[in-house]
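An overview of the molecular structure
These are the residues of each chain, in order.
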There are 2 protein chains.
Amino acid sequence: MSKQAASLPVIDLTADTPCCPPLAQRRVPAETAAVLAPAFKALGDPVRLQLMSMIASAEGGEACVCDLTPAFDLTGPTISHHLKTLREAGLVDAERRGTWVYYRARPAILRQLAALLTVEPAAAA
Amino acid sequence: MSKQAASLPVIDLTADTPCCPPLAQRRVPAETAAVLAPAFKALGDPVRLQLMSMIASAEGGEACVCDLTPAFDLTGPTISHHLKTLREAGLVDAERRGTWVYYRARPAILRQLAALLTVEPAAAA
DNA sequence: TCTCTGATTCGACGGACGTCAAGACAGGCG
DNA sequence: CGCCTGTCTTGACGTCCGTCGAATCAGAGA
């Protein structure tokens, strides 16, 4: 899914307006599923889930690769690969400032994913 | 039948009490990531995302495999395989009634995943 | 009991994924 | 300029994933 944005029906994941009602409310159309599934897939790895959390919860809203890498028993290239996956899924943004590269979360898509998974508190009681 | 908990550090995904603060609020520990990542991974396929939605949004809260299968251009065994994946991820429950098998969503884990992805409306503006 | 239908399991195949070592690129500093 | 540090890309390897056809299992009904 490296070229996920290249030829798929585009849904603007950066928009602040939610594109989709909750998954449990209306059946998710195939095009929506094709666009959002890669984002869930990107979160479907323990390392990437932790990376995402470290970035999103970092002070100032951004985290340096140099702080991320030593938190795992993995090589630099592997962490870089996971960060690229998160980037291509639209979950984070990267910016180089001098020697270091900083990653920043994209809250809009996180909100969309959360909205999709939302279930009414009493819906299943 | 959810064997997903076979050898992992157990977090009770069926509990109604949320186990985790939002991903953007506190760094997700490795054990939590190891438990929740498989659930995201299970949703990381367009077919399973649609299956999940069809089940969760079905009237009566449950859907028959016989209604699910013809909605895709896939063979029965393939759909069955995807349903098994959702089952092992703890996202759905299956029950056989006579000839047919019915699937039902597990709202508790959906709520946990949604809670994990929650970001404060103004937190990142 | 035998058969028919619905659903799952088994075995196999091609492709994608996670990981690493080695090399390339970018920017700061003598 | 040349070196050093930090990050990314490349190429490779083994494993897991999505899909199918064929076989198997579970109930219903004649």
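These numbers were taken from a predicted model, which means no experiment stands behind them.

This next bit is on the side chain of Gln-50 of chain A. Secondary-structure assignment places Gln-50 of chain A in helix α2 (residues 46–56). Discounting chain neighbours no more than four positions away, the residues touching Gln-50 of chain A are Phe-72 of chain A together with Arg-27, Val-28, Pro-29, Ala-30 and Ala-33 of chain B.

All right, on to the nonpolar core then. One finds Leu-91 and Leu-117 of chain A together with Leu-91 and Leu-117 of chain B to be the most contacted residues of the largest nonpolar core, which totals 70 residues. With residues near it in sequence (within four places) discarded, Leu-91 of chain B still touches Ala-39, Ala-42, Leu-43, Met-52, Leu-86, Arg-104, Ala-105, Arg-106, Ile-109, Leu-110 and Leu-113 of chain B.

Glancing now at the protein's contact with DNA strand C. Around DNA strand C sit 25 residues, and of these Arg-48, Thr-78 and His-82 of chain A together with Pro-77 and Tyr-103 of chain B come closest. Sugar plus phosphate, as a fraction of atoms of DNA strand C within 4 Å of the protein: 80%. In the model, a phosphate oxygen of DNA strand C is placed 2.3 Å from a nitrogen or oxygen of the His-82 of chain A side chain. Within the side chain of Tyr-103 of chain B, an N or O atom sits 2.7 Å from a phosphate oxygen of DNA strand C. The set of elements that each furnish at least two residues to the surface near DNA strand C consists of α4 (76–88) of chain A together with α3 (65–68), α4 (76–88) and β3 (100–105) of chain B.

Summed over the entire model, instances satisfying the criterion amount to one aromatic pair over all chains. Relative to Phe-40 of chain B, the ring of Phe-40 of chain A lies with its centre 6.2 Å away and its plane at 15°, an arrangement referred to as stacked. Taken together, the residues Phe-40 of chain A in helix α1 (residues 30–43) and Phe-40 of chain B in helix α1 (residues 30–43) connect one chain to another. Owing to a relative accessible area of 0%, Phe-40 of chain A belongs among the buried residues under this scheme. Its end group placed over the ring of Tyr-102 of chain A, Arg-97 of chain A keeps NZ or CZ at 4.3 Å from the ring centre.

Each pair of packed helices can be summarised by the angle the axes make with each other and by the distance between the axes. All names here are of chain A. Close contact between α1 and helix α5 (residues 107–117) brings their axes to 11 Å; oriented N to C, the two are set at 100°. Accordingly, the angle class assigned to the pair α1 and α5 is roughly perpendicular. Here Leu-36, Ala-39, Phe-40 and Leu-43 of α1 come into contact with α5, specifically with Ile-109, Gln-112, Leu-113, Leu-116 and Leu-117. Grouping the constituent residues of the contact of α1 with α5 by class yields eight nonpolar, one polar and no charged.

For the pair of chain copies, the relating operation is a rotation around an axis with a shift along it. Note on the identical chains: chain A maps onto chain B by a rotation of 180° and an axial translation of 0.0 Å, with an RMSD of 0.0 Å. What the superposition gives is, in effect, a two-fold axis relating one chain to the other. Most of the interface of chain A is mirrored in chain B, where 100% of its interface residues are also at the interface.

What follows concerns the sheet that holds strand β2 (residues 92–97) of chain A. In sheet architecture, strand pairing relies on hydrogen bonds along the backbone and comes in two forms, parallel and antiparallel. Residue and element names in this part refer to chain A. The strand order β1-β3-β2 describes an open sheet built from three strands, whose pairing is antiparallel. Among the strands making up the open sheet, the edge pair consists of β1 (62–64) and β2. For this sheet, the mean inter-axis angle between neighbouring strands, taken without regard to orientation, is 30°. Relative to strand β3 (residues 100–105), β2 runs antiparallel, the two sharing six bridges. Bridge pairing in β3 places Arg-96 opposite Val-101.

Residues and elements named next belong to chain A. The final tally for this structure, using the stated rule, is two disulfides over all chains. Each sulfur in the disulfide pair Cys-64 and Cys-66 lies 2.3 Å from the other. Judged by the torsion about the S-S bond (125°), the Cys-64/Cys-66 disulfide is right-handed. Judged by its relative accessible area of 4%, Cys-64 is buried. You can call Cys-66 partly exposed: its relative accessible area is 39%.

Rules used in this analysis
Residues numbered from 1 in each chain as written. Chains lettered and ligands numbered in written order. Predicted model: local features only at pLDDT ≥ 70, side-chain atom pairs only at ≥ 80, totals over all residues. Heavy atoms only, no water. Helix = DSSP H or I, 4+ residues; strand = E, 2+ residues; numbered from the N terminus. Contact = heavy atoms within 4.5 Å. Core = buried A, V, L, I, M, F, W, Y, C linked by side-chain atoms within 4.5 Å. Buried < 20%, exposed > 50% of the residue type's maximum accessible area, 1.4 Å probe, protein only. Near = heavy atom within 4 Å. Polar contact = N/O pair within 3.5 Å; in protein donor to acceptor, adjacent residues only side chain to side chain. Phe/Tyr/Trp six-rings, centres within 6.5 Å; stacked < 30°, edge-to-face > 60°. Lys NZ or Arg CZ within 6 Å of the ring centre and 35° of its normal. Axes fitted to C-alpha atoms, helices over the stretch in contact; angles between N-to-C directions. Parallel < 35°, antiparallel > 145°, perpendicular 65-115°, else oblique. Nonpolar A, V, L, I, M, F, W, Y, C, P; charged D, E, K, R; others polar. Least-squares fit on C-alpha atoms with pLDDT ≥ 70 in both. Pairing = 2+ DSSP bridges. Disulfide = S-S within 2.5 Å.

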